[in-house]
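Listed below are the residues making up each chain.
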Amino acid sequence: MKIKEGFILRKVGIQFVVAATGKASEHFNGMMRLNESGAFAFRLMQQGITEEELTIRLMEEYEVSEQTARKDAAAFTAALREADALE
């Protein structure tokens, strides 16, 4: 899975936001607010990783259980699908 072109991640104060630009904004009008782990996951998905790879990287980076990382990865990718942000 990879983030579609036109979705950008920016840090605003202490929070991260994702916004759609250009053609991507035709399907998504708004912003997604992300915490640090969400920004970490977003950057990885910009590189085009699988949900399984995302799970592993979350476990490594945040020292969480596989169950927690799997649940978080699934929820994050579902939110990105809903925003039509995935290729």
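That block above? That's the structure.
What comes next concerns the included structure. (Residues numbered from 1 in each chain as written. Predicted model: local features only at pLDDT ≥ 70, side-chain atom pairs only at ≥ 80, totals over all residues. Heavy atoms only, no water.)

Overview of the environment of M31
(1) Moving on: With respect to the helices, strands and loops of the structure, M31 is situated in strand β3 (residues 31-34).
(2) Moving on: Judged by relative accessible area, M31 falls into the exposed class, the value being 58%.
(3) Moving on: The sequence separation of M31 and Q47 amounts to 16 residues, and the corresponding C-alpha distance is 21 Å.
(4) Moving on: In this structure M31 touches V17, V18 and A19, once residues within four positions along its chain are discounted. (Helix = DSSP H or I, 4+ residues; strand = E, 2+ residues; numbered from the N terminus. Buried < 20%, exposed > 50% of the residue type's maximum accessible area, 1.4 Å probe, protein only. Contact = heavy atoms within 4.5 Å.)

Some words on the packing of aromatic side chains
(1) Moving on: As enumerated under the stated definition, the model contains two aromatic pairs in all.
(2) Moving on: Seen from their ring centres, F7 and F28 are 6.0 Å apart, and the 45 degrees between their planes marks the pair as tilted. Taken together, the positions of F7 in strand β1 (residues 7-12) and F28 in the loop between β2 (15-20) and β3 put the pair 21 residues apart, joining distant regions of the chain. Just as F7 is buried, F28 falls in that class too.
(3) Moving on: For the pair F40 and Y62, a centre-to-centre distance of 5.6 Å together with 85 degrees between the ring planes defines the contact as edge-to-face. Of this pair, F40 sits in helix α1 (residues 36-46) while Y62 sits in helix α2 (residues 51-62), and the two are 22 residues apart along the sequence.
(4) Moving on: The class for Y62 is partly exposed, based on a relative accessible area of 29%. (Phe/Tyr/Trp six-rings, centres within 6.5 Å; stacked < 30°, edge-to-face > 60°.)

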